[in-house]
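# Notes for the structure review
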Amino acid sequence: MSEPLWLPERPRRLRQTAAIRQMVAETDLRASQLIYPLFVRTGRGEARPIASMPGQHQWSADRLVGEVSRAAAAGVPAVMLFGIPASKDAQGSGIEDTEGVVPDAVRRLKDACPEVIVMVDLCLCDYTDHGHCGLLTPRGTVDNDATAARLARAAVVFADAGADVVAPSDMMDGRVGAIRAALDASGHEQTLVLSYAVKYASGFYAPFREAAENRPQFGDRRGYQMDVANAREALREARLDMAEGADLLMVKPALSSLDILARLAPVVDRPLAAYQVSGEYSQIMAAAERGWLDERTAALETLLAIRRAGASVILTYFAVKAAQWLSA
Ligand code: PBG
């Protein structure tokens, strides 16, 4: 045994027992902070597995109700719905269909699980045959203002169906203001807007594009989604969305934007959400399947890190499992 060192500081004293570690933990992760993204398709009795996202499915509305009840029972308070409509066209007109797959699912959920917070992703890419997040000009570029106007009308359709939150994920300029104005003008002053304020053009959305069947048929989304190189631009986008009336702001992807969350958290005086996107989920699932890492340890570690960086709430495909792990 060597002589003990005399040290002015011994940080390890605070790590010696689980009770001390828990007492001094600076960050918490609770089921009540999780939002579960779900894909809803037409049909009945359907739960189609998504190959690139093990454990995730495309649900028909009747089966969706069961899955959302399961999530609620685990303690997950909110879901985010993505629609896979039966047909698509160049204008994405299905997004305004009051009998569409998403309004139908929202009505059923509000009926069956009224306590669940129902959020709807508001973007044209699920409804356009070309797969872009907006209407196209004759030259094939995305028409910002026409897109914002259509999204504003669609927001009213979703709010009429009973959605608690609409979440524009298109990245058009000015759409938050247009949506807020349309909601207010139609008696939906209480409908919340969660803006995808800082959404980077990311390779980590690839599995989602299989899940939602909305891969762009030409080009890419760099003309509207942000360049990964930029951080100050994130502050600008966040400032604009707050000024236009966003109630909550989102950053995505989560794990490659921890610095952005940390920069925004002190200056954004609204709840900040982070989206742990499909590729972040699938890379953990793929490695876990091979035995290269432990799913639970890795998933909870990433979620806690996202909270530590400054997120108030997290959208994650691990929501139900994480809620179960946290209460076990
Ligand atoms: C579409 C949208 C995307 C995601 C959420 N909304 C894909 C994209 O922009 O290409 C990604 C979600 C995920 O990867 O889990 N507006």
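Our subject is the structure that appears above.
Definitions and limits used
Residues numbered from 1 in each chain as written. Predicted model: local features only at pLDDT ≥ 70, side-chain atom pairs only at ≥ 80, totals over all residues. Heavy atoms only, no water. Helix = DSSP H or I, 4+ residues; strand = E, 2+ residues; numbered from the N terminus. Rg over C-alpha atoms; globule rule 2.2 N^0.38 Å. Buried < 20%, exposed > 50% of the residue type's maximum accessible area, 1.4 Å probe, protein only. Contact = heavy atoms within 4.5 Å. Areas by Shrake-Rupley, 256 points an atom, 1.4 Å probe, with all protein chains shown as cover. Lys, Arg positive; Asp, Glu negative; His and termini not counted. Charge placed at Lys NZ, Arg CZ, Asp CG, Glu CD. Patch = residues over 30% accessible without salt bridge, like charges linked within 9 Å, V, L, I, M, F, W, Y side chains within 5 Å. Salt bridge = Lys/Arg side-chain N within 4 Å of Asp/Glu carboxyl O. Expected span 1.5 Å × (residues − 1). Arc of directions from axis to C-beta. Near = heavy atom within 4 Å. Polar contact = N/O pair within 3.5 Å; in protein donor to acceptor, adjacent residues only side chain to side chain. Nonpolar A, V, L, I, M, F, W, Y, C, P; charged D, E, K, R; others polar. Axes fitted to C-alpha atoms, helices over the stretch in contact; angles between N-to-C directions. Parallel < 35°, antiparallel > 145°, perpendicular 65-115°, else oblique. Left-handed = near helix turned anticlockwise from the far one by under 90°. Pairing = 2+ DSSP bridges.

### What to know about the overall build of the protein chain
- Looking only at helices and strands, the protein chain has eleven helices and ten strands in total.
- A compact globule built from 328 residues would reach a C-alpha radius of gyration of about 20 Å, and the protein chain, at 21 Å, matches this within 12%.
- For the protein chain, the C-alpha atoms occupy an extent of roughly 80 × 45 × 40 Å along the three principal directions.
- Out of the 328 residues in the protein chain, the part that is buried amounts to 51%.
- At a minimum sequence separation of 6, the contacts of the protein chain that also span at least 24 residues come to 74%.
- Carbon and sulfur atoms form 51% of the exposed surface of the protein chain, whose accessible area is close to 15100 Å².
- Charge separation in the protein chain, taken as the distance between the mean sites of 36 positive and 41 negative side-chain charges, equals 6 Å.

### A closer look at a nonpolar patch on the surface
- Taken together, the side chains of Leu14, Met23 and Val24 present a nonpolar region at the surface, about 310 Å² in accessible area.
- Looking at the element boundaries, Val24 is found in helix H1 (residues 18-24).

### Focus: helix H7 (residues 232-243)
- Compared with the 16 Å implied by 1.5 Å per residue over twelve residues, the 17 Å span of H7 between its first and last C-alpha is a close match.
- Ala234, Glu237, Ala238, Asp241 and Met242 are the residues of H7 that are buried. Along the axis of H7, the buried positions cluster into a sector of 130°, meaning they face one direction only. Residues of H7 that are exposed and point more than 90 degrees away from the buried face comprise Arg232, Arg236, Arg239 and Ala243.
- Buried residues along H7 sit against helix H5 (175-185), strand S7 (192-199), strand S8 (248-252) and helix H8 (258-264).
- Phi turns positive one or two residues past the end of H7, at Gly245, with a value near 110°.

### As for the site of the ligand
- Taken together, 18 residues are adjacent to the ligand, and Arg209, Arg221, Lys252, Ser278 and Tyr317 come closest.
- At a separation of 2.4 Å, an oxygen atom of the ligand approaches a polar side-chain atom of Arg221.
- Residues of the shell around the ligand, tallied by class, amount to ten nonpolar, three polar and five charged.

### Quick look at the packing of helix H3 (residues 101-112) against helix H4 (residues 144-161)
- Contact geometry of H3 with H4 gives a least axis separation of 8 Å together with a crossing angle of 25°. Relative to H4, H3 is oriented roughly parallel. Remark: the crossing between H3 and H4 carries right-handed chirality. Contact with H3, carried on its side by Val102, Pro103, Val106 and Arg107, involves Val157, Phe158 and Ala161 of H4 and no other residues of that element.
- When the residues that make up the contact of H3 with H4 are grouped by side-chain class, the tally is six nonpolar, no polar and one charged.

### Looking at the side chain of Thr316
- With respect to the helices and strands, the residue Thr316 is situated in strand S10 (residues 313-316).
- Within polar-contact distance, the side chain of Thr316 engages the side chain of Gln276 at 2.6 Å.
- Filtering out sequence-adjacent residues up to four positions away, Thr316 remains in contact with Leu34, Ile35, Tyr36, Pro37, Gln276 and Leu303.

### Re the pairing of S8
- Burial of S8 is extensive: five of the five residues sit out of reach of the surface.
- Side-chain alternation along S8 places Leu248, Met250 and Lys252 on one buried face and Leu249 and Val251 on a second face that is also buried.
- Where S7 and S8 come together, five bridges link them in parallel fashion. Each residue of the ladder has a partner; that of Leu194, found in S8, is Leu248.
- Bridge count for S8 against strand S9 (residues 272-276) is three bridges, and the pairing is parallel.

### Some details on the environment of Gly245
- Here Gly245 is to be found in the loop between H7 and S8.
- Residues Gly245 and Met1 lie 244 residues apart in sequence; the distance between their C-alpha atoms is 65 Å.
- In contact with Gly245, not counting residues within four places along its chain, are Val176 and Arg180.

### Structural notes on a positive patch on the surface
- Judged by side-chain charge, Arg10, Arg12, Arg13 and Arg15 come together as a positively charged surface patch.
- Counting through the fold element by element, Arg13 comes out in the segment before H1.

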